[in-house]
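# Structure assessment
Here is how the chains run, residue by residue.
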Amino acid sequence: MGLLPFDDATKAEMEELIKSILATFTTQYVKWTAIYMVKDAQEEALSKEKSKLRLLQRPKDQENSEPLKSGWITKEGGDVKNWKKRFLVAHSNCIPAYYEKESDPSDRKKKPKGVMNLCGYRVNTDPNAGKIRELTKLAEKMKIDISELPKPKEYPPLTFELNHHRRRCYFITCENQTDFDSWVKVFRDVCWRISVISL
């Protein structure tokens, strides 16, 4: 039993009427929106007043400023999953960069080995538990016993993950608990800052 007491002919007639209205509205809306956008842009271009819109630029001194943190870490490679020692520098521009040598960041001619654009990332301090959670959810969805799934790779102690649900995840291992805690704090700060800037 339907919610509305219409016969099939009335229902078909109403659907055709709605389609006709939407087709007309959509084309007219797009047409008139474009016309008024062009008109506004022409008026602004001919106006003696300066535009209210401004392109934001990163301050010139940010890259030259003291980094939030720098030091040696070991990170897992993106394509080849081996572990490499890198000198990591987190600047206030929210884009950490890593180098092969400690002297490379001060040399303007040296490009970083890589950078981390962390918009949309979060810090996971226990990647092993995170992988187990993901596998458990997958097993529940597929209605299979988790013991049937392959055992996930185990990460060494003092490893944290920079996790994104669709992009590459970064795995970083620190030499001691103090470095681990301070890098986690810096990356949480950077991830938060970049998410606020992106809004």
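About the cut-offs
Residues numbered from 1 in each chain as written. Predicted model: local features only at pLDDT ≥ 70, side-chain atom pairs only at ≥ 80, totals over all residues. Heavy atoms only, no water. Phe/Tyr/Trp six-rings, centres within 6.5 Å; stacked < 30°, edge-to-face > 60°. Helix = DSSP H or I, 4+ residues; strand = E, 2+ residues; numbered from the N terminus. Salt bridge = Lys/Arg side-chain N within 4 Å of Asp/Glu carboxyl O. Buried < 20%, exposed > 50% of the residue type's maximum accessible area, 1.4 Å probe, protein only. Patch = residues over 30% accessible without salt bridge, like charges linked within 9 Å, V, L, I, M, F, W, Y side chains within 5 Å. Areas by Shrake-Rupley, 256 points an atom, 1.4 Å probe, with all protein chains shown as cover. Pairing = 2+ DSSP bridges. Contact = heavy atoms within 4.5 Å. Axes fitted to C-alpha atoms, helices over the stretch in contact; angles between N-to-C directions.

### Side note on the packing of aromatic side chains
Under the counting rule described, the total for this entry stands at nine aromatic pairs. Residues tryptophan 32 and tyrosine 36 carry aromatic rings whose centres are separated by 6.4 Å and whose planes lie at 40 degrees to one another, so their mutual orientation is tilted. Taken as a pair, tryptophan 32 and tyrosine 36 lie in helix α1 (residues 8-46) at a separation of four residues, close to a single helical turn. An aromatic cluster is present here, built from Phe160, Phe180, Trp183 and Phe187 joined pairwise through their rings.

### Focus on the pattern of salt bridges
Under the definition given, this model contains three salt bridges. The residue lysine 85 makes a salt bridge to glutamate 175 at a minimum N-O spacing of 2.7 Å. Here the residue lysine 85 occupies a position in strand β2 (residues 83-90), and glutamate 175 occupies one in the loop between β7 (170-173) and α3 (177-198), the gap between them amounting to 90 residues. Note that lysine 113 is salt-bridged to glutamate 100, the shortest N-O span being 3.5 Å. One end of the pair, lysine 113, is in the loop between β3 (97-99) and β4 (114-115); the other, glutamate 100, is in the loop between β3 and β4, and 13 residues separate them in sequence. Looking at lysine 113, the relative accessible area reads 48%, which means it is partly exposed. On the basis of relative accessible area, glutamate 100 is assigned to the partly exposed category, the value being 43%.

### Focus on a nonpolar patch on the surface
Taken together, the side chains of Leu17, Ile21, Phe25, Tyr29 and Val30 present a nonpolar region at the surface, about 550 Å² in accessible area. Residue placement: leucine 17 occurs in helix α1. Note on leucine 17: relative accessible area 53%, which makes it exposed.

### Points about the sheet that holds strand β1 (residues 69-76)
Ordered by their spatial adjacency, seven strands build an open sheet running β4-β3-β2-β1-β7-β6-β5, and the pairing between neighbours is antiparallel. Where the open sheet ends on each side, the last strands, each with one partner, are β4 and β5 (122-124). As judged from the three bridges shared by β2 and β3, these two strands associate in the antiparallel manner. Note that in β3 the partner of phenylalanine 87 across the bridge is tyrosine 99. Across the sheet, helix α2 (residues 127-142) is in contact with β5, β6 (159-163) and β7; its angle to β6 comes to roughly 50 degrees.

### Remarks on the pairing of β2
Both β1 and β2 contribute to a ladder of eight bridges, which runs antiparallel. Note that in β2 the partner of glutamate 76 across the bridge is tryptophan 83. Between β1 and β2, which pair antiparallel in sequence order, lie six residues. The antiparallel hairpin formed by β2 and β3 contains six residues in its connecting segment, where cysteine 94 sits at a positive phi of about 70 degrees.

Purely geometric stuff here, so don't read any function into it on its own.
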